[in-house]
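Coordinates in review
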Amino acid sequence: MGDDASPLLTDLSKLCQRHKFFVCFVTSFHHYLNNFIFINLIMGDSEGVYTYWQLEDIADFLKQRSNNIFPKVAIICGSGLSSIANVVENPTEINYDEIPYFPKSTVEGQIGSLVFGTILEVPVIVLKGRFHFYEGYSLSKVSMPSRIFKLLGCSFLIITNAAGGVNKKYRIGDIMMIKDHINFLGFSGNNPLRGPNEDRFGDRFPPMNKCYDKDLRKQAVRIAKKLGLLRKLHQGVYVHVAGPNYQTVAETKMLAICGIDAVGMSTIAEVIAARHSGLIIFGFSLICEEGILDYSSNKKEPDHYDVLEAVKAMEQPLQEFVKLMVKYIGTKTPCTCGSAH
Ligand SMILES: O=P(O)(O)O[C@@H]1C[C@H](O)[C@@H](CO)O1
Ligand code: HPA
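All figures in this text were calculated on a predicted structure; none of them were measured in a lab.

Looking now at the overall build of the protein chain. Across its full length, the protein chain holds 10 helices and nine strands. When each of the 341 residues of the protein chain is scored for burial, the buried share is 40%.

Examined bridge by bridge, strand β6 (residues 175-182) and strand β7 (residues 233-240) share seven bridges and lie parallel to one another. Within β7, the residue paired with His181 across the bridge is Tyr238. By the bridge criterion, three bridges tie β7 to strand β8 (residues 262-264) in an arrangement that is parallel. Looking across to β8, one finds that His240 is bridged to Gly264. Between β7 and its parallel partner β8, the chain crosses via helix α7 (residues 249-257), and the hand of that crossover is right-handed.

Quick look at the site of ligand 2 now. The environment of ligand 2 is formed by 13 residues, the closest being Gly164, Tyr246, Val263, Gly264 and Met265. Of the residues forming the shell around ligand 2, the biggest block, three residues, is contributed by strand β5 (residues 156-165). Considered class by class, the residues forming the shell around ligand 2 number nine nonpolar, three polar and one charged.

This chain's UniProt record puts "transmembrane region" (unreviewed entry) on residues 21-43, 110-127 and 148-166. Across residues 148-166, the secondary structure splits into 26% helix and 53% strand, with the terminal C-alpha atoms separated by 32 Å.

Once that is clear, we can look at the pairing of strand β1 (residues 73-77). Note on strand geometry: in a regular strand, side chains alternate between the two faces of the sheet. Counted residue by residue, β1 has five buried out of five residues, so it is predominantly covered. Covered by surrounding structure in β1 are Val73, Ile75 and Cys77 together with Ala74 and Ile76, the residues of both alternating faces. Taken together, the five bridges between β1 and strand β4 (residues 122-128) define a ladder with parallel strand orientation. Pairing of Ile76 across the sheet is with Leu127, part of β4. Bridge count for β1 against β5 is four bridges, and the pairing is parallel. The partner of Ile76 across the bridge, within β5, is Ile159.

This brings us to the confidence of the model for the protein chain. In this model, the protein chain carries an average pLDDT of 87, and 84% of its residues clear a pLDDT of 70 or more. Scored below 50 in pLDDT, residues 1-9 makes nine contacts in the model with residues more than four places away or belonging to other chains. Scored as a whole, the predicted complex attains pTM 0.86, and scored at its interfaces, ipTM 0.97.

In this section: the packing of helix α6 (residues 214-226) against helix α10 (residues 315-330). Here α6 crosses α10 at 135°, and the two axes come no closer than 10 Å. With respect to each other, α6 and α10 are oriented oblique. Read as a crossing pair, α6 and α10 show a hand that is right-handed. Residue-level contacts link Gln219, Ala220, Ile223 and Ala224 of α6 to Phe321, Leu324, Met325 and Tyr328 of α10. Grouping the amino acids of the contact of α6 with α10 by side-chain chemistry returns seven nonpolar, one polar and no charged.

If you look at the biggest cluster of nonpolar residues, it comprises 81 residues, and the most contacted ones within it are Ile75, Val126, Leu157 and Leu286. For this core, the leading source of residues is strand β9 (residues 280-289), giving seven residues. Other than its neighbours up to four places away in sequence, Val126 contacts Ile75, Cys77, Ile84, Ala85, Val88, Leu114 and Val115.

Taken together, 13 residues surround ligand 1, and among them Gly78, Ser79, Asn161, Met265 and Ser266 come closest. Contributing elements (two or more residues each) for the shell around ligand 1: β5 and α9 (304-313). In the shell around ligand 1, the residues fall into four nonpolar, eight polar and one charged.

Rules and cut-offs
Residues numbered from 1 in each chain as written. Chains lettered and ligands numbered in written order. Predicted model: local features only at pLDDT ≥ 70, side-chain atom pairs only at ≥ 80, totals over all residues. Helix = DSSP H or I, 4+ residues; strand = E, 2+ residues; numbered from the N terminus. Buried ≥ 20, exposed ≤ 12 C-beta atoms within 10 Å, placed from the backbone. Pairing = 2+ DSSP bridges. Right-handed = clockwise from strand over helix to strand, strands pointing away. Near = placed C-beta within 6 Å. Nonpolar A, V, L, I, M, F, W, Y, C, P; charged D, E, K, R; others polar. UniProt positions renumbered as here; feature names shortened; annotations may be inferred. pLDDT = per-residue confidence, 0-100. Contact = placed C-beta atoms within 7 Å. Axes fitted to C-alpha atoms, helices over the stretch in contact; angles between N-to-C directions. Parallel < 35°, antiparallel > 145°, perpendicular 65-115°, else oblique. Left-handed = near helix turned anticlockwise from the far one by under 90°. Core = buried A, V, L, I, M, F, W, Y, C linked by C-beta atoms within 7 Å.

As structure tokens, then:
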């Protein structure tokens, strides 16, 4: 036992020195105590920060259960969008509550399981449900899947969400490819990369000017054309608010003034962690309601069930859209410049 052992543990160890089992127990307990104190005080577990070894444990568990699928592409399904996983061939599904250190999915329309398999022969992992800040999770927890994808060997991330329109031209059922985002939670000091930097994932100060891959967005336009979705397709700026309440009229007006096209409660933390880890990203929002930008508006108030219904109506075309995006990504190799080639 090291010099830093507490007197109580040292005494216990002396008492048990002729009993190997107890010595082992005391030593392990001491290590556990040290880790616990380290995680809580240094890494700030009270804020839900994952340690590298916890992330490795999660990834190792998933590798053992992946049925020999080594995913190239990770897909995160937003609210109501889990049916994207229906296009996965030879699926192996794992519930979140089986996975060590995994949070629970508490939102209706988010199933709480992940799927390994292939889409048109491209190996994928699909998350049917994500974690949100408003559920009480730290941004480290919210963005944890991105780091797991990296540890599993993924190079690409397709990230989706259900969002409210801010841009007056957007209609329910439209698809907005995310060309950029504004990290409002970051402005108030909430960033998934806050705390000691984990160099094994990326640099302390990662650039974010190429978050959403240009080539993948170009290809998405071609695919949308092929699927007859071009009239519904936009490129715009996404913002996340903490939620869970939808925004006031004044807030929506302010978002519009800031150049924001769609507002949601997710995505950005996962994207920041994914970019930090070097993943190449394609993201889109399904527009579920039109923004209320004036007090006399008679547009229906936002409601989560309407959100789920709006997504449901687009289930089939979105499955085809994602399928063809994955097929295209299957032909790509990630480049050290951070883009797809
Ligand atoms: O996980 P996403 O961002 O798709 O879910 C959206 C935002 C809230 O969780 C919920 C509001 O209806 O849907
Ligand atoms: O209007 C919204 N605001 C925030 N998040 C949302 N998710 C769906 N619609 C919205």
